[in-house]
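Take a look at the letters that make up each chain.
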Amino acid sequence: MGKLKQMPILMDTFIEWFEGQWSNQTQVFNDPKSASLVRVVHERTFENQFRCAYYIHKSRSPYRDMTFDFDYNDTDIHLTCGASKLIFSVVHGGFVCNTQQTIDGRTYMFKAYLRENYYRVNDQCFDAAGNLLRGLENDADFIFQKVKF
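Predicted, not measured: the structure shown is a model, and the values here were computed from it. (Residues numbered from 1 in each chain as written. Predicted model: local features only at pLDDT ≥ 70, side-chain atom pairs only at ≥ 80, totals over all residues. Heavy atoms only, no water.)

S.K.: Break down the side chain of T99 for me, citing the residues and quoting the values.
M.R.: Considering the arrangement of structural elements, one finds T99 in strand 7 (residues 94–103). When neighbours within four sequence positions are excluded, T99 is seen to be in contact with K85, L86, I87, Y108, M109 and F110. (Helix = DSSP H or I, 4+ residues; strand = E, 2+ residues; numbered from the N terminus. Contact = heavy atoms within 4.5 Å.)

S.K.: Describe the nonpolar core, listing the residues and the values that go with them.
M.R.: If you look at the biggest cluster of nonpolar residues, it comprises 31 residues, and the most contacted ones within it are F88 and Y119. Tallying contributions element by element places helix 1 (residues 9–18) first for this core, with six residues. Excluding its chain neighbours within four sequence positions, the residues that come into contact with Y119 are F18, W22, H42, F88, F110, A112, Y113, L114, F142, I143 and F144. (Core = buried A, V, L, I, M, F, W, Y, C linked by side-chain atoms within 4.5 Å. Buried < 20%, exposed > 50% of the residue type's maximum accessible area, 1.4 Å probe, protein only.)

S.K.: Which residues make up the pairing of strand 9 (residues 118–126), and what values do they have?
M.R.: Counting buried residues in strand 9 gives seven out of nine residues, a clear majority hidden from the surface. Connecting the antiparallel pair strand 8 (residues 106–114) and strand 9 is a turn made up of three residues. Where strand 9 meets strand 11 (residues 142–147), four bridges bridge the pair, whose relative direction is antiparallel. Its bridge partner being in strand 11, Y118 is matched across the sheet by Q145. (Pairing = 2+ DSSP bridges.)

S.K.: Before we move on, could you go through the packing of aromatic side chains and cite the residues and values that matter?
M.R.: To describe a pair of aromatic rings, you give the distance between the ring centres and the angle between the ring planes. Within this structure, the stated rule accounts for 14 aromatic pairs. Grouped by ring-pair contacts, the aromatic residues F14, W17, F18, W22, F50, F70, F88, F95, F110, Y119, F142 and F144 constitute a single cluster. When the ring centre of Y55 is taken as reference, the NZ or CZ atom of R39 above it lies at 4.2 Å. Over the aromatic face of Y54 sits the side chain of R64, whose NZ or CZ is 5.2 Å from the ring centroid. (Phe/Tyr/Trp six-rings, centres within 6.5 Å; stacked < 30°, edge-to-face > 60°. Lys NZ or Arg CZ within 6 Å of the ring centre and 35° of its normal.)

S.K.: Please give an account of the pattern of salt bridges that cites residues and values.
M.R.: For the coordinates displayed, the defined rule picks out five salt bridges. In this structure, R64 engages D123 in a salt bridge whose closest nitrogen and oxygen atoms are separated by 2.4 Å. Of the two residues, R64 is situated in strand 4 (residues 64–72) and D123 in strand 9; the sequence distance between them amounts to 59 residues. Judged by relative accessible area, R64 falls into the buried class, the value being 17%. With a shortest N-O distance of 3.1 Å, D123 and R134 are connected by a salt bridge. Pair noted here: D123 is in strand 9 and R134 is in strand 10 (residues 132–134), with a separation of 11 residues, a long-range link. (Salt bridge = Lys/Arg side-chain N within 4 Å of Asp/Glu carboxyl O.)

Rendered as structure tokens:
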């Protein structure tokens, strides 16, 4: 009987922290002009996949819905959806992602810091002229906390 491939502690920790439901309710209540109220659901659908859905307050349908394949090496977690690839590395006890990609003339910037119950995200998209198409202005971040709905 062959040996089962052991998933490293790095991957176990990432899955435990990333999976679940997130809300930026505290951020919005403290500064109502900072961002819209958003609920994020990271759901593990298969051993190597996550479905990531983003909902505006009280909406039943997500405004973004993506499925990421994930993989790992000794130091990084890789989430891939089509041409988009996010790489999370461990920095100061949390997972950090700082990715910039140009796909079909649009520039996508994704910065994130993930801890057990804390997820800070700056997710922006710009057209070829540099106009912001999606995300918060002025490099502002969404600040999510893990919650149970």
